[in-house]
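Spelled out, the chains give:
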Amino acid sequence: MRAVGTGLLLLLTGVAPAAAAEPRVVLEPPRGHGWWMGDQLGARVRIEVDAGLAVDTAALPRPRPIDYWLDLVAVVVEPAGDAGPGRTAFDLRLTYQTFYAPLEPKQLVVPAATVGFSGPDGPVTVTVPAWRFVTAPLREIMAPTVPAAMRPNVPLALADTRPLQVGTLAAAALALLSVTGLAHHRAWWPFRRRDRPFAAAAGVIARLPADTGGAGLKPGFAALHRAFDASFGRRMLGEDIGDFLARRPAFRGALVETAAFFTASRQLFFSRGDAGLDFDRARLAGLAKRLAAIERGGAA
Amino acid sequence: MMYEFRDAGPVDLGEWRDRALAFETALAGAVVGQDATIRLVTLAVFCRGHVLLQGDVGVGKTTLLRAVARLVGGPYERIEGTVDLMPTDLVYAAFVAEDGRPRMEPGPMLRHGADLAVFFFNEINRARPQVHALLLRAMAERTLTAFQREWSFPHLQVFADRNRVEREETFELPAAARDRFFMEIPVDAPADPEVRRRLVFDNRFHDADALVAALPEGLLDYRRLDGVARAIQREVHAGDEIEAYVFALWEALKHPADAGIELNGVAMDRLVQGGASPRGVSTLVRAARARAFIEGRDFVIPDDLRAVFPAVMAHRVFLAPVYERRREALVPALCDAVFAKVPTPRAPAAAQRGARL
């Protein structure tokens, strides 16, 4: 007899996981009394269902006026982790607002709500049970209605924008200062600085027409020569490159191109012709830009 | 490059450049630590210009000149300047012959006739102005009148030296005389301690005769130097840009105040009184061409002008009397300032504006 009972039990428990277990609903209603007209009441509901079921958002209670005295104002549902083997839990928070104006303390009923789940075996509906609360009048029923009974208006809250204005102005000033500093550093207009001769020369060369070559490059070469003069502190000739680098070691990285520039310049200005000049406009512009970069302490 | 000359046959400038470098190397072996001086002397030789060396006593001026004479080859003569030296002493040798009668024979300058290649005048500032005058004509025209006829010295190159230590019993060269020297080259004792140590302790440098005798005689053939010098002047190109630069340098040297040059404690508008003659400036261009040739270029660049400028131009600038005493400091500073101030090369538009200078 006992063995048979155990066997039946085993059979039942063995079958049980195969069938869908009942959803479990734990309702945590707000306190049962002490509510006035206009109050919001929050109810927490924990729902445990079989794993694999998901909340069907279309089948949640919809925030809406439920009755002439009761609104559902908010519905929030979120997963609450595992609830034992093969089960999963959801947290449902329902917020109601009462507009009932009772003449004396009175118990009201919040009606049951349903939540739909969808799963592999079709939809499952879970019912959140109804619950109750006691609401009371705000004031004595026979008290006269006088203006003095009215609470004063909430003073008009003026948003103080002064800190924001100050912050905006400060940020703008900072931005302007930064741009000015950058322009100064890179010798942009209006900072055509005398101590940035290579930047000025690079500007002159950049303004030469793109197809300039041969003797047409002379103004560009001359501009770069003047920049070397200014940087060297006196007129610089090709044989001064060593002295120049000793005085301005930062330009050491451009030694090869500088020497090539002076060689090309001699050919361009002083030899019988500029045939075979291996210095085109792009190379000249590249050298000037590189020297300008070194000059402002940038890349070598 | 082969060029034909009536008097000298074809000149291969490439080969002559090798010879010029060999000449410099040989000189540098005999006179150590004087590379700058040697370069200038070489340029003078290849321009057929007369040279005045000046420097302290015992820095190797005479050794250098003897070495140059041996390497150039050809007859050379040498005379010491003294207070009582007379012009005739250069030209005639007067003596009493064995038969007891006075005789007059060709003196140092005439002894070798037209072949005379190098003439040394030691301590030229000890000789009297009469002697200077004779020498000036010999230098400028390469001719002399003696024994009732004209003597010509087509290959003559005059080297003179003077020491700048002594001022007593000396006759300062007149401006005209200085202008006729192609270059005035300062010779200073070497600054390098190692070179100075060698000069003092190395026996090789104690016997100047042996040092000079070890040099290859006639490395440069003095008879062909004139043709080579002409070929250099003809073949080395000095273009418009160099012309403009030379004119700008010239203007800046003559009118330093206008060029914006300032020297400490000097009234620039009164500093330069004269000089920087057209002859001087043409000499500058000749020397620059020779330097371009030795550097292996066939065109002159500003660096050439700068390298020869002090030697060629410094002694042709005449300062106001108040500044003449400080000449040795002021003139080099002025030359340096000229090169620090005059821009080159210039953009085409700026060059045209400058052309009216």
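Residues numbered from 1 in each chain as written. Chains lettered and ligands numbered in written order. Predicted model: local features only at pLDDT ≥ 70, side-chain atom pairs only at ≥ 80, totals over all residues. Heavy atoms only, no water.

A word on the sheet that holds strand β8 (residues 113-118) of chain A
Residue and element names in this part refer to chain A.
Piece 1. The three strands are arranged β3-β8-β9 in an open sheet whose pairing can be described as antiparallel. Strands at the two margins of the open sheet, each flanked by one partner only, are β3 (54-55) and β9 (124-128).
Piece 2. With five bridges connecting them, β8 and β9 associate as antiparallel partners. When the bridges of β9 are listed, A113 appears paired with V128. (Pairing = 2+ DSSP bridges. Helix = DSSP H or I, 4+ residues; strand = E, 2+ residues; numbered from the N terminus.)

Side note on the packing of aromatic side chains
Two descriptors summarise a pair of aromatic rings, namely the distance from one centre to the other and the angle between the planes of the rings.
Piece 1. Applying the stated criterion across every chain yields a total of 26 aromatic pairs over all chains.
Piece 2. Plain terms: the ring middles of F244 of chain A and F251 of chain A are 5.3 Å apart, the flat faces sit at 40 degrees to each other, and that makes the pair tilted. We note that F244 of chain A, like F251 of chain A, is buried.
Piece 3. A centroid spacing of 6.4 Å and a plane angle of 50 degrees characterise the contact between F147 of chain B and W151 of chain B, whose relative ring orientation is tilted.
Piece 4. In this structure F147 of chain B comes out as partly exposed when scored by relative accessible area, which is 33%.
Piece 5. Judged by its relative accessible area of 11%, W151 of chain B is buried.
Piece 6. Aromatic rings pair up to connect F198, F221, F228, F232, F244, F251, F261, F262, F269, F270 and F279 of chain A into one cluster.
Piece 7. The ring of W16 of chain B carries R19 of chain B above its face, with NZ or CZ at 4.2 Å from the centroid.
Piece 8. A cation over an aromatic ring shows up here: R149 of chain B above the ring of W151 of chain B, its NZ or CZ 3.9 Å from the ring centre. (Phe/Tyr/Trp six-rings, centres within 6.5 Å; stacked < 30°, edge-to-face > 60°. Buried < 20%, exposed > 50% of the residue type's maximum accessible area, 1.4 Å probe, protein only. Lys NZ or Arg CZ within 6 Å of the ring centre and 35° of its normal.)

Things to note about the interface of chain A and chain B
Piece 1. Facing 17 residues of chain A, the contacting portion of chain B comprises 26 residues.
Piece 2. Surface buried jointly by chain A and chain B totals about 1,900 Å² across both partners, of which 55% is contributed by carbon and sulfur atoms.
Piece 3. In this assembly, chain A and chain B are joined by five salt bridges.
Piece 4. For R272 of chain A, the salt bridge is made with D298 of chain B, and the minimal N-O distance between the two is 3.4 Å.
Piece 5. The interface formed by chain A and chain B includes 11 residue pairs in polar contact (both at pLDDT 80 or more).
Piece 6. Looking at the side of chain A that touches chain B, the elements with two or more residues in it are α4 (218-232) and α6 (255-270) of chain A. (Contact = heavy atoms within 4.5 Å. Buried area = accessible area lost by both parts, 1.4 Å probe. Salt bridge = Lys/Arg side-chain N within 4 Å of Asp/Glu carboxyl O. Polar contact = N/O pair within 3.5 Å; in protein donor to acceptor, adjacent residues only side chain to side chain.)

Considering the side chain of T88 of chain A
Piece 1. Relative to the helices and strands, T88 of chain A is located in strand β6 (residues 87-98).
Piece 2. With sequence-adjacent residues up to four places away left out, T88 of chain A is seen in contact with I47, E48, V49, D50, A51, L53, G81, D82 and A83 of chain A.

Some points on the domain arrangement of chain A
Piece 1. What the domain assignment reports for chain A is domain 1 (21-137) and domain 2 (183-295).
Piece 2. The centre of domain 1 of chain A, based on its C-alpha atoms, is set 81 Å off from the matching centre of domain 2 of chain A. (Domains from an automatic or database assignment.)

Remarks on the environment of A222 of chain A
Piece 1. Among the structural elements, A222 of chain A can be located in helix α4.
Piece 2. In this structure the C-alpha to C-alpha distance between A222 of chain A and A170 of chain A, which are 52 residues apart in sequence, comes to 45 Å.

A few points about the domain arrangement of chain B
Buried accessible area, meaning the area lost when the parts come together, often serves as the stated size of an interface.
Residue and element names in this part refer to chain B.
Piece 1. Domain annotation for chain B reports domain 1 (10-223) and domain 2 (236-354).
Piece 2. Between domain 1 and domain 2, the C-alpha centre-to-centre distance is 27 Å.
Piece 3. Facing 22 residues of domain 1, the contacting portion of domain 2 comprises 20 residues.
Piece 4. For the pair domain 1 and domain 2, the summed buried surface comes to about 1,900 Å²; carbon and sulfur atoms form 61% of the total.
Piece 5. Our count for the contact surface shared by domain 1 and domain 2 stands at three salt bridges.
Piece 6. Between R279 and D179 there is a salt bridge whose closest N-O contact spans 3.1 Å.
Piece 7. Seen at the junction of domain 1 and domain 2, the total is 11 residue pairs in polar contact (both at pLDDT 80 or more).
Piece 8. If you list the elements that add at least two residues to the side of domain 1 that touches domain 2, you get α1 (13-30), α2 (35-47), α6 (175-180) and β11 (183-187).
Piece 9. Taken together, the residues of the side of domain 1 that touches domain 2 break down into 12 nonpolar, one polar and nine charged. (Nonpolar A, V, L, I, M, F, W, Y, C, P; charged D, E, K, R; others polar.)

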